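One-letter residues, chain by chain:
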Amino acid sequence: LDALLEGQDTNEKMLERLMQGLVADALTHVGQLAMLQRIAGSPILSENFYRADVQVGQVSAQQPPAVAPDTNQNQP
């Protein structure tokens, strides 16, 4: 997915179908799993993806530390 989105030959219609289909479905299931974990008494810790160190090609298990929503509030 990372390579596909970075590629130069992607067209708008294909990206629209990808986001409205596969990605939307995956996000729905992630939400369901988060809800079930919360019900079970083990909620998933939140993360601020707006402030996260997200980079193209960073898809391995080695990821930067999570940025919680209550930290770094004074940064843009």
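The residue numbers shown here count from 1 along each chain, following its written sequence. In view of the model being predicted, local features appear only for residues whose pLDDT reaches at least 70, and side-chain atom pairs are presented and counted only at 80 or more, with totals across whole chains, interfaces and linings using the full set of residues. Based on all heavy atoms of the structure, the side-chain values leave hydrogens and waters out of the count.

(A) Inspection of the overall build of the chain at higher detail. Helix and strand content of the chain: two helices and zero strands. In the chain, which comprises 76 residues, the share counted as buried stands at 7%. When contacts within the chain are restricted to residue pairs at least 6 apart in sequence, those whose partners lie at least 24 apart make up 20%. Strands are runs of DSSP state E lasting at least 2 residues, helices are runs of H or I lasting at least 4, and numbering of each runs from the N terminus. Burial classification: accessible surface area is computed with a 1.4 Å probe over protein chains only, and a residue below 20% of its type maximum counts as buried, one above 50% as exposed, and the rest as partly exposed. Any pair of residues with heavy atoms lying within 4.5 Å of one another is described as a contacting pair.

(B) Structural context of the side chain of asparagine 48. For asparagine 48, the position within the fold is in the segment after helix H2 (12-39). Asparagine 48 sits in the buried class, given a relative accessible area of 17%. Residues adjacent in sequence count toward polar contacts only when both atoms are side-chain atoms; beyond that, a polar contact is any pair of N or O atoms within 3.5 Å, and within protein one must be able to donate a hydrogen and the other to accept it. A distance of 3.2 Å separates the side chain of asparagine 48 from the backbone nitrogen of arginine 51, its partner in a polar contact.

(C) Region of interest: the environment of alanine 34. Mapped onto the fold, alanine 34 is located in helix H2. Along the chain, alanine 34 and isoleucine 44 lie 10 residues apart, while their C-alpha atoms are 6.3 Å from each other.

(D) Quick peek at a nonpolar patch on the surface. Residues enter patches when they are more than 30% accessible in relative terms and free of salt bridges; like-charged ones are connected within 9 Å and nonpolar ones (Val, Leu, Ile, Met, Phe, Trp, Tyr) within 5 Å. Surface accessibility in these figures is a Shrake-Rupley result with a 1.4 Å probe; residues are shielded only by whichever protein chains are displayed. Just to be clear on terms, a salt bridge is a Lys or Arg side-chain nitrogen sitting within 4 Å of an Asp or Glu carboxyl oxygen. On the surface, Leu1, Leu4, Leu5, Met14 and Met19 cluster together into a nonpolar patch covering about 430 Å² of accessible area. Elements with a contribution of two residues or more to the nonpolar patch: helix H1 (2-6) and H2. On the secondary structure map, leucine 1 appears in the segment before H1.

(E) Looking closely at the environment of glycine 57. You can see glycine 57 is positioned in the segment after H2. Residue glycine 57 is classed as partly exposed on the basis of its relative accessible area, which comes to 46%. Between the alpha carbons of glycine 57 and alanine 3 there is a distance of 7.4 Å; along the sequence they are 54 residues apart.

(F) Region of the structure containing H2. For a helix, the expected span equals 1.5 Å multiplied by the residue count minus one. With 28 residues, H2 extends 39 Å between its outermost C-alpha atoms, agreeing within 8% with the 40 Å of an ideal straight helix rising 1.5 Å per residue. Here the bend at each residue means the angle between axes fitted to two seven-residue stretches, the one ending at that residue and the one beginning there. Helix geometry: H2 is bent most strongly at alanine 24, by close to 35°. At the C-terminal side of H2, glycine 41 shows a positive phi close to 90°.

(G) Geometry of the environment of valine 56. Relative to the helices and strands, valine 56 is located in the segment after H2. A residue is classified by how much of its surface remains accessible, and valine 56, at 58% relative accessible area, is exposed. Measuring from C-alpha to C-alpha, the distance between valine 56 and leucine 5 comes to 9.1 Å, with 51 residues separating the pair along the chain. Not counting chain neighbours up to four residues away, the residues in contact with valine 56 comprise Asp2 and Glu6.

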